[in-house]
Amino acid sequence: MRNLKLQYCKEDTTGIRNARQLLLQPDFGHKDKELTYVVTDDKIYAISETGDVVEEPKIIADVPNIVGAEYLPLSDEICVATADGEVLLINAVSLEINDGTYCDVGIECMAWSPNQEVVVFITKAKNVVVMTCNYEVLGEQPLDAELATDQQFVNVGWGKKETQFHGTAGKQAAKQSPQFQPPQDVHTLPQDIHIAWRGDGAFFAVSYVASNVGRTFNVYDNEGKLQHMAEKWNGMQSALTWRPSGNWIAVPQIFPNKSTVSLFEKNGLRHREFELPFDLQTESIVKLQWSSDSDILALQTATADAQRIYLYTIGNYHWYLKQVLVYNQNDPLAFFHWSSGREHTLHVLLESGKRYVYRWNLAVDRFQNMVCVIDGKRVLLTDLYKAVVPPPMCQYTLELDSYINAITANSHHLCLYSSEGVMHFYDPSGLPNTPVVKTFVLPPNEKLPQIGQLANLTQLKAKNKLLATQSVGNKTHILLLKDNESENRSYSIESREIIDGTVNAIAEGIDDNVYVHTVNNGQILEIQLTDSSLKTGRLIHQLTQAADYMDFGLFERPRKDAQKVSASGLVTLRSQQLLHIDGQRIDEDVTSFIVAEDYVIYTQLNALHFVDLWDRRKIATRSIERGAKLVMHAQDARLVLQLPRGNLEVIYPRVLLLRLIGSLLDASLYREAMLMVRKHRINLNIICDHNVEMFCSKLNVFLAQMHDSQWLCLFLSELQNEDYALNMYASNYEASQQHYPADYQVDRKVEYICGLLCGLMEQATSPEDVARFRLPIITSYVKLGKLEQALLLIWKHKQTDAQLADQLLKYLLYLVDVNELYNVALGTYDFGLVLFVAQKSQKDPKECLPYLNELKSLPLDYRKFKIDEHLKRYDRALTHLAACGSEHYDLALDFIRQHNLYKRALAIYQDQADIHGRICVAFADHLRANAQLETASIMYERGGQLQQALLSAKHTLDWQRVLNLAQRSDESLEQIASSLVTPLQQQDRHLEAFELLKQFTKWSGEPPLQVLIDGHLYGRAIYEARLLDEDLAVDLLVLPTLRVMK
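Residues numbered from 1 in each chain as written. Predicted model: local features only at pLDDT ≥ 70, side-chain atom pairs only at ≥ 80, totals over all residues. Heavy atoms only, no water.

**Q** Looking at this structure, I do not really get the overall build of the protein chain. What am I missing?
**A** Looking only at helices and strands, one finds 27 helices and 56 strands in the protein chain. Long-range contacts, defined as pairs at least 24 residues apart, comprise 47% of the intrachain contacts of the protein chain with a sequence gap of at least 6. Element-wise, carbon and sulfur atoms account for 47% of the exposed surface of the protein chain, whose accessible area totals about 49,400 Å². (Helix = DSSP H or I, 4+ residues; strand = E, 2+ residues; numbered from the N terminus. Contact = heavy atoms within 4.5 Å. Areas by Shrake-Rupley, 256 points an atom, 1.4 Å probe, with all protein chains shown as cover.)

Structure follows, in structure tokens:
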């Protein structure tokens, strides 16, 4: 779906008339120097071009009757063959002429192989001579030699025409087999011979006139051996070319009802054809040649009044006529030649000596959501937003009376530029019936030379004006074209600006700025556009390598203060190589790109990448089919790619979807956002996670737009305690851009959002809203864990509308397991609700009903106890058991011990002293078993068992509590204190042990200072001894110990 976009048409004058061949010799030693050799019938000229200076042509050889020439870069020589049979070698530096070889019968034509290892000569004796590059003969045989018997075609009947389907032609077409009719007089046919090599140099084809067949061709290998002869067909013409990729040999052919270019396989069988838009009998094909990359097939034709070059491309097995170059008979076309070193570059020489250098690239022409494809006099239009129609089919067709060469468009009009220089403007809003809005002709301008056609034709967006370029020499004229609303309906050149270099790309920016790129030095310049003039501005970027494609991207990004900041980026791409944004290198081996929203999307061999224009960061990558290229990006986030064979593929990248969904959410268009999210399987959490603060403030708007209750239910059911904007969809969001309410926590998101929505839905009063919110309220109860409230709500509706209640319960069973729901219903103690749920469960009535009947027979509080015990709600069960009275104290005590409900029991039975004490003792036993002796001592004390409390306290060495309990239980304080001294000393609590001995025991003789000495409390020992006037004890106990330590 790509058109040929003319990057530049460079004109210069060689001054060489009647040129016949062009030899290109790039000078690798000088960056800006290029040598070109022009061959006429008897002379060879050298043209040197250095920078902006084109030197005068210089004759380097004067050789009569030249039939072929080839530049040999390895030896830096020019090989020239003459009709007299001479093969000469001309040194390109010294201009010395040497003999290569000689043919005594004369030479008809010469052709070197693409790798220049083999050369083919056709002699005037109609012999094929194949030589090496050193002119050693590899093979020689006559043109009309026959194939060996084992090499001839054998027809076994496979794929016969009689067995094939012929459509509307019917069965009779199967019975009609065209018979080859030998020409009656072959001498009247053109006798010229053409040679075409395959791109790899393994085979070549020779077109000639055979005496018994007429025009045909033979296929030879690179050693001169005949491999195949063409299938016999009438109407074959002399021109011949072999596609460099090797799959087809193209030959013009005339049929009784049409003119075609037939495509033959290597074995000579006719493979397919494409029909020409003209009659070969009135407009004959002089030459065919494929571009070096096999993308473009050029046909040179001649009529009585003009000569033309038709440029064809192929896609999805359809041949598209992309451009037609017209040359008047007053200055006829001499020849054309594809450049082998520069992609899609065509050199054209006229008989007057003028030379044009055309350079094209393949690009997609877009108008709004339409893709425009040129095919001869038609433009094939397809709105890929509405329908993805695979090429060569299309949705709409516009047709002119002349061939279309270029398309440009702005937001209002579509401009078609024809080969005759006429501009047709359309308003496609009324398709399929679209009238021509206006037609203008660009008349000749005296200030500018008249050249083939305008390049880089661009229709400005904001103004009804056109921008184009014309290159003359090493200068480029940038033209601002304005329509003249007059009777002659013509365009005038309102302003022009001349810059150095050759402009090959234009991109329209903002604020009346246009950016141009010069292929000579890789500079991007700014051209300022005012109302009626152009002015060269500053240098924007200097690229390391010249680019072939350029586009301008403008985008806006919201800030935290709800304002938007604008930014832009200039994207350039060297043909299938380097991608730059504002001069910054992004990636290499790039095959196509497109600017969509605030992203640059580009493809590599089998990958699709997304780059954020804001920070030049690659945010996403996905795999695509090998060789796919971008076609367009539609407003619904779809991305259309064209595969190598020509068919289309539509994808919806997540990055673009999230960008579109985010813009819908920012505009509070929740219904449209929900449609996009559901259609493309985006997680519904993004609806609130995109901007939580804004979402929570507009819940009423959200609920008002959700007309379908199922959408609300789906949204609520998918809520998770996770910020999907920063996790799953982090490619489109940054943490610094997130906005949360003050009391919001991500780990409680479900509770927060469901609580707010449920509160608003419960406040609904209109019957429509009440009916619409029934299921979402139930869903929110489930997400909040309030299953009992959900069941009670359904049971409430059961009392008034049984059918509605059944539907609500059926929906609830989709969300919750029926067994869990049965237990929740049982926990309501309402047996009517239990039976209502049990009917929807898989429980056996023989088991369920007896159990329920048994429960019904029990007293109310005890029944609730048994239900709660069954549901393992032990706290509530104990509450109901406490209400059953004193006859269940033993059961309660066992229940407390079994389920460890001591704390709950102490709170429930605090006013019932009998069982309260027993609970305290049981709790104390439990604590002591778990080594919690301090708490156990307290509980024993509360339970009235002071001895057990004393024992537990002694184990904790809480001597104050021990003495307190001992005093209350009439125990001997001296004995109890003495029993605590040793354990305290073992715990290094010597001072406390001394205090016990000092206060509660009686000693005879010396005070118990040894306890302090054992604890190394010497200062306290001396203090106690001095306090009691026991100086002897100091001398006998303390000082000896200190001496020993010293």
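**Q** Whenever I open this one, helix H14 (residues 845–856) confuses me. Can you help?
**A** Relative to the 16 Å expected for 12 residues at 1.5 Å per residue, H14 spans 16 Å between its end C-alpha atoms, a close match to the ideal helical length. All of the buried residues along H14 are Cys848, Leu852 and Leu855. Buried residues of H14, seen end-on, are gathered within an arc of 60° and therefore sit on one face of the element. Of the exposed residues in H14, those oriented more than 90 degrees away from the buried face are Lys846 and Glu847. (Expected span 1.5 Å × (residues − 1). Buried < 20%, exposed > 50% of the residue type's maximum accessible area, 1.4 Å probe, protein only. Arc of directions from axis to C-beta.)

**Q** What am I meant to see in the pairing of strand S18 (residues 226–229) here?
**A** Two faces, one strand: in a regular strand the side chains alternate between the faces of the sheet. Sheet topology places strand S17 (residues 214–221) next to S18; 3 bridges connect them, and they run antiparallel. Following the sheet pairing, Val219 is matched in S18 by His228. Hairpin connection, S17 to S18: the antiparallel pair is bridged by 4 residues, and Gly224 has positive phi, about 85°. (Pairing = 2+ DSSP bridges.)

**Q** I keep staring at the nonpolar core and nothing clicks. Help me out?
**A** For soluble globular proteins, nonpolar side chains are generally found buried alongside one another. Formed by 95 residues in total, the largest nonpolar core has its most connected members in Ile601, Ile687, Phe695, Phe702, Phe715, Leu757 and Leu791. Considering every element that reaches this core, the biggest residue donor is helix H2 (residues 654–666), with 8 residues. When neighbours within four sequence positions are excluded, Ile687 is seen to be in contact with Leu665, Tyr670, Met674, Val677, Phe695, Phe702 and Phe715. Leu906, Ala922, Leu927 and Ala936 belong to the second largest nonpolar core, which has 29 residues in total. (Core = buried A, V, L, I, M, F, W, Y, C linked by side-chain atoms within 4.5 Å.)

**Q** Please explain the packing of helix H7 (residues 709–718) against helix H9 (residues 767–783) as it appears in this structure.
**A** Two quantities define a packed helix pair, namely the angle between the helix axes and the distance between the axes. At a minimum axis separation of 8 Å, H7 and H9 run at an interaxial angle of 10°. With respect to H9, the axis of H7 lies roughly parallel. Where H7 approaches H9, its residues Ser709, Gln710, Leu712, Cys713, Leu716 and Ser717 are matched on the opposing element by Arg772, Phe773, Leu775, Pro776, Thr779, Ser780 and Lys783. (Axes fitted to C-alpha atoms, helices over the stretch in contact; angles between N-to-C directions. Parallel < 35°, antiparallel > 145°, perpendicular 65-115°, else oblique.)

**Q** Would you explain the packing of helix H16 (residues 874–882) against helix H17 (residues 889–899) in this entry?
**A** Between H16 and H17, whose axes approach to 11 Å, the crossing angle comes to 165°. Judged on the interaxial angle alone, H17 and H16 are roughly antiparallel. With respect to the hand of their crossing, H16 and H17 are arranged in left-handed fashion. Taking contact as the criterion, the partners of Tyr874, Ala877, Leu878 and Leu881 in H16 are, on H17, Leu891, Ala892, Phe895, Ile896 and His899. Residues belonging to the contact of H16 with H17 are distributed by class as follows: 8 nonpolar, 1 polar and no charged. (Left-handed = near helix turned anticlockwise from the far one by under 90°. Nonpolar A, V, L, I, M, F, W, Y, C, P; charged D, E, K, R; others polar.)

**Q** Any chance you could explain the side chain of Ser291 here in plain terms?
**A** Structurally, the position occupied by Ser291 is in the loop between strand S23 (284–290) and strand S24 (297–302). Look at Ser291 and you get buried, because its relative accessible area is 1%. Separated by 2.7 Å, the side chains of Ser291 and Asp293 make a polar contact. Excluding its chain neighbours within four sequence positions, the residues that come into contact with Ser291 are Pro244, Ile296, Trp338 and His344. (Polar contact = N/O pair within 3.5 Å; in protein donor to acceptor, adjacent residues only side chain to side chain.)

**Q** Looking at this model, I keep getting lost on the sheet that holds strand S25 (residues 306–315). Mind explaining?
**A** For sheets, the rule is that strands pair by backbone hydrogen bonds, running either parallel or antiparallel. Spatial strand order, S23-S24-S25-S26: 4 strands in an open sheet with antiparallel pairing. The outermost strands of the open sheet, each flanked by one partner alone, are S23 and strand S26 (318–328). The average undirected angle you get between the axes of adjacent strands in this sheet is 20°. In the sheet, S23 pairs with S24 via 6 bridges, with the strands oriented antiparallel. Directly across from Gln289, in S24, lies its bridge partner Ala298.

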